[in-house]
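So the chains spell out like this:
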Amino acid sequence: MRGKPGPHVVKQSVRRTLALGIDLGTSGCKACIVDAHGMVRGSGTSAYPILTPRPLWTEQDPLAWLPAVIQASRQAIYAARSIRSGIAAIALTSAAHIGVLLDRSQRPIRNAILWNDQRSVNQVRHLEAKAGRQILRRSCQAVSTTWTLPHLAWIRDNERRNWSRVRRVILSKDFVVEWMTGRAVTDRATAVSSQLWDVRANRWSDELCDLVGLRTDQLPPVVAATDIVGELLPNVAEAIGLPSRVPVIVGTLDSATELVAAGVLSDGESMVRLATAGGLQWVVNSPVADRHRITYPSPTSSMWYCQTATNTCAAAVEWARTLLSDGRLISLEEWGRLASAAPPGADGLIFHPHLAGERAPYWDSALRGQFSGLTMSHGRAHIARAVYEGTAYSILDAMRAMPADIRKNSRPITVVGGGTRSRIWLDILANVLARPLRVVPQANSATGAALLGLSALEGGDLRCRSASSEGSTTVRPNQRAVQLYARQAKVYMAMHARGCLRPQSYVSD
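All chains use their own residue numbering, which begins from 1 and follows the written sequence. With pLDDT at 70 or above as the cut-off, local features in this predicted model cover only qualifying residues; side-chain atom pairs require 80 or more to be listed or tallied, and sums for whole chains, interfaces and linings still use all residues. Hydrogens and water are ignored here; the side-chain numbers use all heavy atoms of the structure.

A.B. asks: Which residues make up the nonpolar core, and what are the values?
C.D. replies: By size, the foremost hydrophobic cluster in this structure holds 94 residues, and its most contacted members are L196, L214, V272, L274, Y296, L429 and L437. Helix numbering and strand numbering both begin at the N terminus, where a helix is a DSSP run of H or I of at least 4 residues and a strand a DSSP run of E of at least 2. With eight residues, the top contributor of residues to this core is helix α14 (residues 423–433). When neighbours within four sequence positions are excluded, L196 is seen to be in contact with L149, L152, A191, W204, S205, L208, C209, L214 and L219. The nonpolar core is taken to be a set of buried Ala, Val, Leu, Ile, Met, Phe, Trp, Tyr and Cys residues, with the residues joined through side-chain atoms within 4.5 Å. We call a residue buried when its accessible area falls under 20% of the maximum for its residue type, exposed when it is over 50%, and partly exposed in between, using a 1.4 Å probe and counting protein chains only. By size, the runner-up hydrophobic cluster in this structure holds 45 residues, among which are W65, A184, V223 and A237. We call two residues in contact whenever any of their non-hydrogen atoms come within 4.5 Å of each other.

Put into structure tokens, the structure is as follows:
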């Protein structure tokens, strides 16, 4: 699978006008074809399983990603009904922190540990005690169970035979890029997501790698997100249904390409993602080392962006829909109607969506989900509404990590993600955040990756290319509901302060 390492920049005059963006997501692959005007011409999806060998463990077989990439790409090409030769570039994006361990034959040694896996709690404690300040200073990120560094430490401590076989470590997106091109590289934001990259020195960190017994030469070269790493190999091109020699762009993290797709590129602009996890991002001028934030470089300029995130957002809605389905999964439309049947505030029922620990603002893998205030007068509609409201409270809670000038201004917040399909969820979010929302349903990671691919080949202002204006709407808060939710949000946060959401608080002697 492996070819000559390092970037291979192809310079050519490109007259084709389409790009294929591929998003290697947490639960499946999405492919999207975008034209030079930022319009989506076709898309496709293909799922792959999340494996949970133990409670709070999540992993995936990296080899399962490859047929999903093929299937989603073929669907997008068919849906676009375009001439295959019109695709000028392929660009990739993926979820962060997902390391793939390769052996001497360049094959995955084990399943890849996902970003929401909680198994590395002991390794996090050890790393924090041994080098917490050093990790924060060099990587700009506080150590927690979400990062690749503690994932690697867990494998080293618990799977010694597997660890002894490791020859290289590569991130999920770049595993697919290498399969496509035979060349192994990554971009700076993806490197940062491993917690092995020295942000200030702009290089892989010997000191951070030493914490797990890794060498920097076992990690891929780092290039710009818009670099062309190589051309599509003939066998991969045939499988996808494209001509060979199509340029493949390195790409970057899904959170970054979503910013590109939504046109959120200027200092102080902010965005909420309603997806499997809840994301909150804002653009800044320089990196910020902060225990309550994640900081990544922007793929398009010298700007950076900060991010706080919750572990379960749409995932909590999916969990509740399944739980209450009575053998027939409730559609999102039915779920929305059910939630609408309960009043704002769900008659005092509050849901904490910590079904897989929590990231911002607590960074505590021991937190657990909970319904509180439950009475015999509450029914299915109250539960449905409380789940939506709880995810909105968790995003409001995470906003405390934002600078005050961004948190308290009145500018609209851009909202993207699958949750934008639910009007009641958007209304609740606008009222809980007490801010107007600029809803951009077409802005997703795959779209942003495609735009990045076009920009890499043809240049131009990404904001002008963005598909963000297509179908965008504004959702404004209702002042009466804002006041009600402000009171209930205080109750939500007070339960955290009292330590009511950790398992030991329920255990008596």
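The rest of the description comes next.
A.B. asks: Quick rundown of the side chain of T186? Include the residues and the values.
C.D. replies: Mapped onto the fold, T186 is located in strand β9 (residues 186–187). Since its relative accessible area comes to 0%, T186 is described here as buried. Think of a polar contact as two N or O atoms within 3.5 Å of one another; within protein, one of them needs to be a possible hydrogen donor and the other a possible acceptor, and neighboring residues in sequence only count if both atoms come from side chains. A polar contact of 2.6 Å, which involves the side chain of T186, links it to the side chain of D174. If we skip the residues at most four places from it in the chain, T186 touches K173, D174, A191, W204, P220, P221, V222, V223 and V250.

A.B. asks: Let's hear about the packing of helix α12 (residues 380–398) against α14: which residues, and what values?
C.D. replies: The N-to-C vectors of α12 and α14 enclose an angle of 40 degrees; their axes lie 9 Å apart at closest approach. Here α14 runs oblique to α12, going by the angle between their axes. The hand of the α12/α14 crossing is right-handed. Listed contacts from α14 to R385, Y388, E389, T391, A392, Y393, I395 and L396 of α12 are I424, W425, I428, L429, V432 and L433. Lys, Arg, Asp and Glu make up the charged group, whereas Ala, Val, Leu, Ile, Met, Phe, Trp, Tyr, Cys and Pro make up the nonpolar group; the residues left over, Gly among them, are polar. Residues belonging to the contact of α12 with α14 are distributed by class as follows: 11 nonpolar, one polar and two charged. Angles run from 0 to 180 degrees between N-to-C directions of axes, and those axes are lines fitted to C-alpha atoms, restricted for helices to the stretch in contact. For classification purposes, angles smaller than 35 degrees are called roughly parallel, those larger than 145 roughly antiparallel, those between 65 and 115 roughly perpendicular, and all remaining angles oblique. Handedness of a crossing follows from how the near helix is turned relative to the far one, being left-handed for an anticlockwise turn of less than a right angle and right-handed for a clockwise one.

A.B. asks: Could you give an account of the sheet that holds strand β22 (residues 437–439), naming the residues involved and the relevant values?
C.D. replies: One open sheet accounts for seven strands, arranged β17-β18-β16-β15-β21-β22-β23; its pairing is mixed. In this open sheet, the two edge strands, each paired with only one partner strand, are β17 (294–297) and β23 (473–475). The average undirected angle you get between the axes of adjacent strands in this sheet is 30 degrees. Taken together, the four bridges between β17 and strand β18 (residues 304–310) define a ladder with antiparallel strand orientation. Across the sheet, the residue bridging to T295 is C306, located in β18. Strand pairing is assigned whenever DSSP identifies at least 2 bridges connecting the two strands.

A.B. asks: Would you mind going over the sheet that holds strand β1 (residues 18–24) in detail, with residue names and values included?
C.D. replies: Strand order in this open sheet of six strands is β3-β2-β1-β5-β14-β13, and the pairing throughout is mixed. Two strands lie at the open edges of the sheet, namely β3 (40–47) and β13 (228–231), each paired on one side alone. Averaged over all pairs of adjacent strands, the angle between their axes in this sheet comes to 20 degrees, without regard to strand direction. As defined by bridge partners, β13 adjoins strand β14 (residues 247–253) across three bridges and the pair is classed as antiparallel. In the strand pairing of β14, E231 is matched with P247.

A.B. asks: Would you mind going over the side chain of Q141 in detail, with residue names and values included?
C.D. replies: As for its placement among the helices and strands, Q141 is situated in the loop between α2 (121–139) and α3 (148–158). At 2.7 Å, the side chain of Q141 forms a polar contact with the backbone oxygen of T295. Ignoring sequence-local partners within four residues, the contact set of Q141 consists of I135, L136, W147, V192, Q195, R293, I294 and T295.

A.B. asks: Lay out the pairing of β18 in plain terms, naming residues and giving numbers.
C.D. replies: Extensive coverage of β18 is indicated by the burial of seven of its seven residues. Here β18 shows no split at all, with W304, C306, T308 and T310 on one side and Y305, Q307 and A309 on the other all buried. Relative to β18, strand β16 (residues 278–284) is paired through seven bridges, and the arrangement is antiparallel. Bridge assignment links V284 to a residue of β18, and that residue is W304. Linking β17 to β18, which pair antiparallel, is a turn of six residues.

Nothing here speaks to function; it is all geometry.
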